[in-house]
Amino acid sequence: MTRMRSGSSNTKSNNFSLIVIMTMLGLFFVAKSQLTTDFYNTSCPKLAKIVRKEVQNAIKNEVRMAASLIRLHFHDCFVNGCDASVLLDGDDSEKLGAGNLNSARGFEVIDTIKSSVESECSGVVSCADILALAARDSVLLSGGRSWKVLLGRRDGLVPNKTGADALPAPFDPLSDIITKFVNVGLNITDVVSLSGAHTIGSARCATFSNRLFDFNQTGSPDNTLESTILSDLQSLCPSNGDGNKTTALDRNSTDLFDNHYFKNLVAGKGLLSSDQILFSSEAAANTTKSLVESYSKDQNLFLDDFVNSIIKMGNISPLTGSAGEIRNNCRAVNSAT
């Protein structure tokens, strides 16, 4: 169940919280699927070792890749369910959607993993399952928890660029973010715990520069951004500067999967607006703020909840049985290869 604290007299916030609760109660959570942890025990017993080795090599080559692989799994599951549709190339590719264009990365790593898996057990393992395993290993190799990945997904046949246009975005208000999670069967605890993946990785100036000079057309910076961080970011990302410059999402614990991201939010040091609003926005008072505070004080609670949430996320509308296919090439459906 979602953890919330009462006590605010703000009618708008209370009404919003009530709407969220009623919406969640009116929806089925992620449907129970046919996924199992031992799906490939017979057909591809070395799968986990192969994926772990390739993810380890990728992170050694570029530490940031761990965050990119986690994000690929997230962006896949939120569009069409966890069916590897994010990996498909083409004019209607999800890679071209607003949520992925010039930001989603790691596709070549998935290609490498798929090639290694195919060499061991051809035509058996889906690209969707590779994404799930790669995300787990990225968390583990960055210092986070491991978990038993549910497997048995099959790959989708059609991308959904429109869906990728509507992914949770850095500029979304909290109410929109929560709604997007609820729409795929996730709840407020999942919103906060999965946002904690921003404890590793980087973001481009273009995703947060709106906070630095003229926030919401006020003529002033975002007043929830701590002054020292604000000054540093203004120097890195001047007005009309290079929007593709990057900086760490969690500057004090850049590559370690820990709870420092939440400590940053409490201190006003969240990089993205969609991060900081989990603690500082009016809507957070009766929804997400208490969880941010709890995670900032209790790393084990965060790590436990993150594992539960990413397992739940990985179970969004998977294709199983005879649905979809096992792609030979993660970038194209088999009929096109």
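Not measured: the values here are computed from a predicted model. (Residues numbered from 1 in each chain as written. Predicted model: local features only at pLDDT ≥ 70, side-chain atom pairs only at ≥ 80, totals over all residues. Heavy atoms only, no water.)

### Looking at the environment of Ala-169
Turning to step 1, where the next piece is worked out: Relative to the helices and strands, Ala-169 is located in the loop between α6 (161–165) and α7 (174–182).
Turning to step 2, where the next piece is worked out: Each C-alpha atom, one on Ala-169 and one on Ser-274, is 7.2 Å from the other, the two residues being 105 residues apart in sequence.
Turning to step 3, where the next piece is worked out: Among all residues touching Ala-169, those that are not within four sequence positions of it are Ile-177, Lys-180 and Ser-274. (Helix = DSSP H or I, 4+ residues; strand = E, 2+ residues; numbered from the N terminus. Contact = heavy atoms within 4.5 Å.)

### A short note on the UniProt feature "binding site: heme b" (unreviewed entry) in the protein
Turning to step 1, where the next piece is worked out: Those residues carrying the UniProt feature "binding site: heme b" (unreviewed entry) are His-198 in this numbering.
Turning to step 2, where the next piece is worked out: Looking at where His-198 falls in the secondary structure, it is placed in the loop between α8 (188–195) and β1 (202–204).
Turning to step 3, where the next piece is worked out: On the basis of relative accessibility, which here comes to 25%, the residue His-198 falls in the partly exposed class. (UniProt positions renumbered as here; feature names shortened; annotations may be inferred. Buried < 20%, exposed > 50% of the residue type's maximum accessible area, 1.4 Å probe, protein only.)

### Considerations on unusual backbone geometry
Turning to step 1, where the next piece is worked out: With a phi angle near 50°, Asn-216 is a residue other than glycine that sits in the positive phi range.
Turning to step 2, where the next piece is worked out: Structurally, Asn-216 is set in the loop between β1 and α9 (227–236).
Turning to step 3, where the next piece is worked out: Of note, Asn-240 is a non-glycine position whose phi angle comes to about 65°, a positive value.

### Overview of the environment of Gly-123
Turning to step 1, where the next piece is worked out: With respect to the secondary-structure elements, Gly-123 resides in the loop between α4 (107–120) and α5 (127–141).
Turning to step 2, where the next piece is worked out: Exposure remark for Gly-123: the relative accessible area of 38% places this residue in the partly exposed category.
Turning to step 3, where the next piece is worked out: Excluding residues within four positions of it along the chain, Gly-123 makes contact with Glu-118 and Ile-326.

### Details of the pattern of salt bridges
Turning to step 1, where the next piece is worked out: Counted under the stated rule, the structure contains 14 salt bridges.
Turning to step 2, where the next piece is worked out: Across the pair Arg-105 and Glu-62 runs a salt bridge whose closest N-O atoms are separated by 2.7 Å. Within this pair, whereas Arg-105 is found in the loop between α3 (65–77) and α4, its partner Glu-62 is found in the loop between α2 (47–61) and α3, the two being separated by 43 residues in sequence.
Turning to step 3, where the next piece is worked out: Put simply, Arg-153 and Asp-129 hold a salt bridge, and the shortest N to O gap is 2.7 Å. Placement of the pair is Arg-153 in the loop between α5 and α6 and Asp-129 in helix α5, with a sequence separation of 24 residues.
Turning to step 4, where the next piece is worked out: Owing to a relative accessible area of 3%, Arg-153 belongs among the buried residues under this scheme.
Turning to step 5, where the next piece is worked out: Bridged by salt links that share partners, the residues Asp-89, Lys-95, Asp-111 and Arg-331 form one connected network. (Salt bridge = Lys/Arg side-chain N within 4 Å of Asp/Glu carboxyl O.)

### Quick notes on the state of the cysteines
Turning to step 1, where the next piece is worked out: Applying the stated rule across the entire model yields four disulfides.
Turning to step 2, where the next piece is worked out: Each sulfur of the disulfide joining Cys-77 and Cys-82 lies 2.0 Å from the other. An S-S torsion of about 120° defines the bridge between Cys-77 and Cys-82 as right-handed. The residues Cys-77 and Cys-82 share a single accessibility class, namely buried.
Turning to step 3, where the next piece is worked out: With a sulfur-sulfur separation of 2.0 Å, Cys-205 is cross-linked through a disulfide to Cys-237. What sets the handedness of the Cys-205 and Cys-237 disulfide is the S-S torsion sign, and at about -65° it is left-handed. Taken together, the residues span a long stretch of sequence, with Cys-205 in the loop between β1 and α9 and Cys-237 in the loop between α9 and β2 (246–248) at a distance of 32 residues.
Turning to step 4, where the next piece is worked out: Exposure remark for Cys-237: the relative accessible area of 3% places this residue in the buried category.
Turning to step 5, where the next piece is worked out: For the protein, numbering the cysteines in disulfides from first to last along the sequence yields the connectivity 1-4, 2-3, 5-8, 6-7. (Disulfide = S-S within 2.5 Å.)

### Re the packing of helix α12 (residues 289–297) against helix α13 (residues 299–313)
Turning to step 1, where the next piece is worked out: Relative orientation of the contacting elements α12 and α13 amounts to 115°, with a least axis distance of 5 Å. Seen from α12, the contacting residues are Ser-294, Tyr-295 and Lys-297; seen from α13, they are Gln-299, Leu-301, Phe-302 and Asp-305.
Turning to step 2, where the next piece is worked out: Here the contact of α12 with α13 is composed, by residue class, of three nonpolar, two polar and two charged. (Axes fitted to C-alpha atoms, helices over the stretch in contact; angles between N-to-C directions. Nonpolar A, V, L, I, M, F, W, Y, C, P; charged D, E, K, R; others polar.)

### Thoughts on the nonpolar core
Nonpolar side chains tend toward joint burial in soluble globular proteins.
Turning to step 1, where the next piece is worked out: Counting 75 residues, the largest nonpolar core has Leu-87, Ile-110 and Val-117 as its most contacted members.
Turning to step 2, where the next piece is worked out: For Ile-110, the contacting residues outside a window of four places in its chain are Leu-69, Leu-72, Leu-87, Ile-130, Leu-131, Ala-134 and Cys-330.
Turning to step 3, where the next piece is worked out: In terms of nonpolar packing, the next biggest core, distinct from the first, is built from 12 residues, Cys-205, Leu-212, Cys-237 and Leu-271 among them. (Core = buried A, V, L, I, M, F, W, Y, C linked by side-chain atoms within 4.5 Å.)

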